[in-house]
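Chain by chain, the residues run as shown.
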There are 2 protein chains.
Amino acid sequence: MPDEFFMRLAIAEAWKYQGLTYPNPAVGAVVVNSEGAILSVAAHQKAAEAHAEVLALKDAYKVLSGDTTIDALHQSWDIHDFLHVNAGELFEECSLYTTLEPCNHEGKTPSCADLLETLSLRRIIIGSLDTHAIAAGGARRLRHVSTGVCHDACEALLLPFKAWQKQQFIFFKWAQRLDGTIDGGTISAIESRRNVHAMRSVCDLLVIGGNTVREDRPTLDSRLVNGSAPDILIYSHNSVFDNTIPLFHVPRRQVFIDDHWDRLKGYRNIMIEGGPVLLEATQSMVDCYVSFIAPSSGGSIPFTTQRADFEWLHVAPSGCDLKMWLRKKDE
Amino acid sequence: MPDEFFMRLAIAEAWKYQGLTYPNPAVGAVVVNSEGAILSVAAHQKAAEAHAEVLALKDAYKVLSGDTTIDALHQSWDIHDFLHVNAGELFEECSLYTTLEPCNHEGKTPSCADLLETLSLRRIIIGSLDTHAIAAGGARRLRHVSTGVCHDACEALLLPFKAWQKQQFIFFKWAQRLDGTIDGGTISAIESRRNVHAMRSVCDLLVIGGNTVREDRPTLDSRLVNGSAPDILIYSHNSVFDNTIPLFHVPRRQVFIDDHWDRLKGYRNIMIEGGPVLLEATQSMVDCYVSFIAPSSGGSIPFTTQRADFEWLHVAPSGCDLKMWLRKKDE
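Keep in mind it's a predicted model, so treat the numbers as computed, not measured. (Residues numbered from 1 in each chain as written. Chains lettered and ligands numbered in written order. Predicted model: local features only at pLDDT ≥ 70, side-chain atom pairs only at ≥ 80, totals over all residues. Heavy atoms only, no water.)

Section: the interface of chain B and chain A
With 36 residues of chain B in contact, the opposing surface of chain A contributes 36 residues. Summed over the shared surface of chain B and chain A, the result is 0 salt bridges. Summed over the shared surface of chain B and chain A, the number is 14 residue pairs in polar contact (both at pLDDT 80 or more). Those elements that provide at least two residues to the side of chain B that touches chain A are helix 1 (3-15), strand 2 (38-43), strand 6 (169-177), strand 11 (288-294), strand 12 (296-297), strand 13 (308-318) and strand 14 (321-328) of chain B. No other element matches the 5 residues that strand 13 of chain B contributes to the side of chain B that touches chain A. For the side of chain B that touches chain A, the residue count by class is 19 nonpolar, 11 polar and 6 charged. Relative to strand 12 of chain B, strand 13 (residues 308-318) of chain A runs antiparallel, the two sharing 2 bridges. By the bridge assignment for strand 12 of chain B, Asp309(A) is matched with Ser296(B). (Contact = heavy atoms within 4.5 Å. Salt bridge = Lys/Arg side-chain N within 4 Å of Asp/Glu carboxyl O. Polar contact = N/O pair within 3.5 Å; in protein donor to acceptor, adjacent residues only side chain to side chain. Helix = DSSP H or I, 4+ residues; strand = E, 2+ residues; numbered from the N terminus. Nonpolar A, V, L, I, M, F, W, Y, C, P; charged D, E, K, R; others polar. Pairing = 2+ DSSP bridges.)

Here's the deal with the relation of the copies chain B and chain A
With an RMSD of 0.0 Å, chain B superimposes on chain A once it is rotated by 180 degrees and translated 0.0 Å along the axis. Each copy turns onto its partner about a two-fold axis. Considering only C-alpha atoms, the residue of chain B closest to the rotation axis is Ala37(B), which sits at 1.9 Å. Counting the interface residues of chain B, we find that 100% of their copies in chain A are interface residues as well, pointing to one common contact surface. (Least-squares fit on C-alpha atoms with pLDDT ≥ 70 in both.)

Brief notes about the domain arrangement of chain A
Residue and element names in this part refer to chain A. Annotation of chain A at the domain level lists domain 1 (3-165) and domain 2 (168-328). One C-alpha centre belongs to domain 1, the other to domain 2, and the line joining them spans 32 Å. Listed per partner, the contact involves 12 residues of domain 1 and 16 residues of domain 2. Between domain 1 and domain 2, the buried area comes to about 1,300 Å², and carbon and sulfur atoms account for 66% of it. When the buried area of domain 1 at its contact with domain 2 is split by residue, Trp15, Tyr22 and Trp164 rank highest and sum to 42% of it. Our count for the domain 1 to domain 2 interface comes out at 0 salt bridges. (Domains from an automatic or database assignment. Buried area = accessible area lost by both parts, 1.4 Å probe.)

Some words on the nonpolar core
Grouped together as the largest cluster of nonpolar side chains are 165 residues, with contacts concentrated most on Leu57(A), Leu83(A), Phe91(A), Leu57(B), Leu83(B) and Phe91(B). Setting aside its immediate chain neighbours within four residues, Leu57(A) contacts Val31(A), Leu83(A), Phe91(A), Leu96(A), Leu115(A), Leu116(A) and Leu119(A). Counting 52 residues, the second-largest nonpolar core is a separate cluster that includes Leu278(A), Ile293(A), Ile170(B) and Phe303(B). (Core = buried A, V, L, I, M, F, W, Y, C linked by side-chain atoms within 4.5 Å. Buried < 20%, exposed > 50% of the residue type's maximum accessible area, 1.4 Å probe, protein only.)

Thoughts on the packing of helix 2 (residues 52-65) of chain A against helix 3 (residues 76-86) of chain A
All names here are of chain A. Direction vectors running N to C along helix 2 and helix 3 enclose 50 degrees, while the axes themselves pass 10 Å from each other. With respect to helix 3, the axis of helix 2 lies oblique. Relative to helix 3, the crossing made by helix 2 is left-handed. Taken together, the residues of helix 3 that come into contact with helix 2 (itself represented by Val54, Leu57, Lys58 and Tyr61) are Ser76, Ile79, His80, Phe82, Leu83 and Asn86. (Axes fitted to C-alpha atoms, helices over the stretch in contact; angles between N-to-C directions. Parallel < 35°, antiparallel > 145°, perpendicular 65-115°, else oblique. Left-handed = near helix turned anticlockwise from the far one by under 90°.)

Here we look at the packing of aromatic side chains
Aromatic ring pairs: the centre-centre distance and the angle between the two ring planes describe each pair. This structure, assessed with the given rule, holds 32 aromatic pairs over all chains. For the pair Trp15(A) and Trp325(A), a centre-to-centre distance of 5.8 Å together with 40 degrees between the ring planes defines the contact as tilted. Of this pair, Trp15(A) sits in helix 1 (residues 3-15) while Trp325(A) sits in strand 14 (residues 321-328), and the two are 310 residues apart along the sequence. Site record: aromatic cluster; members linked through ring pairs are Trp15(A), Tyr22(A), Trp164(A), Phe169(A), Phe171(A) and Trp325(A). The side chain of Arg214(B) reaches across the aromatic face of Phe241(B), ending 3.9 Å from its centre. (Phe/Tyr/Trp six-rings, centres within 6.5 Å; stacked < 30°, edge-to-face > 60°. Lys NZ or Arg CZ within 6 Å of the ring centre and 35° of its normal.)

Structural notes on the pattern of salt bridges
Taken as a whole and assessed by the stated rule, the structure comprises 22 salt bridges over all chains. A salt bridge links Arg263(B) to Asp258(B), with the shortest nitrogen-to-oxygen separation between them at 3.0 Å. Taking the shortest distance from any N to any O, the salt bridge between Asp309(B) and Arg307(B) comes out at 3.6 Å. The partly exposed category is assigned to Asp309(B), whose relative accessible area is 34%. Residue classification places Arg307(B) among the exposed positions, given a relative accessible area of 55%. Each of the salt bridges in this network shares a partner with another, and the network as a whole consists of Lys173(A), Arg200(A) and Glu273(A).

Let's talk about the environment of Leu278(A)
Checked against the element boundaries, Leu278(A) lands in helix 10 (residues 276-282). Setting aside chain neighbours within four positions, we find Leu278(A) in contact with Phe172(A), Val207(A), Ile208(A), Gly209(A), Tyr235(A), Trp261(A), Ile272(A) and Glu273(A).

A closer look at unusual backbone geometry
All names here are of chain A. For the bond from Tyr22 to Pro23, the omega torsion is 5 degrees, close enough to zero to count as cis. Counting through the fold element by element, Pro23 comes out in the loop between helix 1 and strand 1 (28-32). Even without being glycine, Cys150 reaches a positive phi, approximately 50 degrees. The residue Cys150 is located in the loop between strand 5 (145-147) and helix 6 (151-157) in this model.

Right, dumping it as structure tokens:
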């Protein structure tokens, strides 16, 4: 199979954790043996946890060696140390595909480039080169490197990360039915709602419209994943709210009510959950959209009838829904 | 990788030709070597052409032997004969995944079970067993067979085929934007429109609503793929139409105008292209839906606001659109 086939597997795996890896990039990796058989597919899932390459090497080690003692190791440093000591020449005929250049620095986790250098794989195939000032340069340390495979798709994975590096990433989430409607009770599958809670837990500010707060009386926490609740900015020209609305009573959270966007300055990973009015009010600031589409029809209020052209960055199942990451097309 | 991984590749390849294989089923096949490396991925594309298994074996033969003379062969009988003579023990360590039991009879093409018996593969993994009176029984001839892998997904692929076997298959096609709107000019990408023309070319009756004919003045042929034009049933209570509408002037086609469905009896592969009114009028007859979703918004007329619950049978890109096959959920 061509390099693109394996890289696309790595890309699809990485998208499963998009929105959850902040402040790290979403990265996927695949290890393949000399025959082209897939030994492992893995993705970085959460900051401070192991990088995609390390998780892929961990799983591939088990397949190659039959030794499952590595299963007990979860900390990145432990897996690194184990592979340094035990892998020997096991990976010398293998290739590793990674959507992003392996990191070249020790931070919360050890350097992937260092580990890959020790394991001396047959080939390392990289989608995007890392432009991060500290982590970059991994590819220069390694031999038998190919770069630029599925480059555009790997760059799309990095949109949030590149926005964080510059300043902040703002994404707008909505849920709708296939027919575009949004009224009439719960729309999304439980898997989709859990994913939204997981993204809330990782974002540092959640923006919501005043009318939505008044009508839905939401809590806007992360209870479905036992996560932490982000700060809330209610965007409203009218600052009077019923104080018994649950979102005001979530511990360890600040709630702001503003009719301007100055408050965004202090935050880096910002999720907007809103309806058509907020969509229109925020469109010049939004980097990305994520939409959960339920396979149903029958509401009466459409999400939007605003003229827009998007491109799909990634589409995947989410329970019985579809989850899609979109970007506005340049006009 | 688990059997399900390879079977899902076969399933996805088969869906690319769903709607184009009439009267044959859409079938996909994957050949994997003893290490688990993928040697080929193929699908049946058109009746009277080679079956999925044969195309997958053809491509795998090239990888295993390095002999490209088989490239020149396109007829199923020629590929069969070539492999019977030349494959020897080449496939004995390979596994073949097929979404449908290999056929056990000689029709327009030779028996796949016969070829697979000769090649004596290490394993044959089958999604759905064939219930066709004549073609079934292939699995019983073969050794080292596993059945039922991704069974439900393989059965979903067979919905049209099983409907043809019983009587007829009726599917409803529509195109919309992500926001559910359908007005305001061309919606779908050229790849989607070509695919619609290819499906028209294979169906034997195309049903359309009278209002659509009056408003859009369509041709409803298959010019984008140089295909043949199906017969047309205009469903209308008013039988008066402007005779200069292009669809009336396509050669070798019959056009009927009816306010009932008696005409459907003589046809087996029926496509309906319509709007919300026709959707409602035909819902009790329709087996499947296929929808092309453009990544845009901004029309003013929604496709439907009728209450319905669907399940996605398959979703895949179609140019910059998404193409989705859906089925109504049992109420």
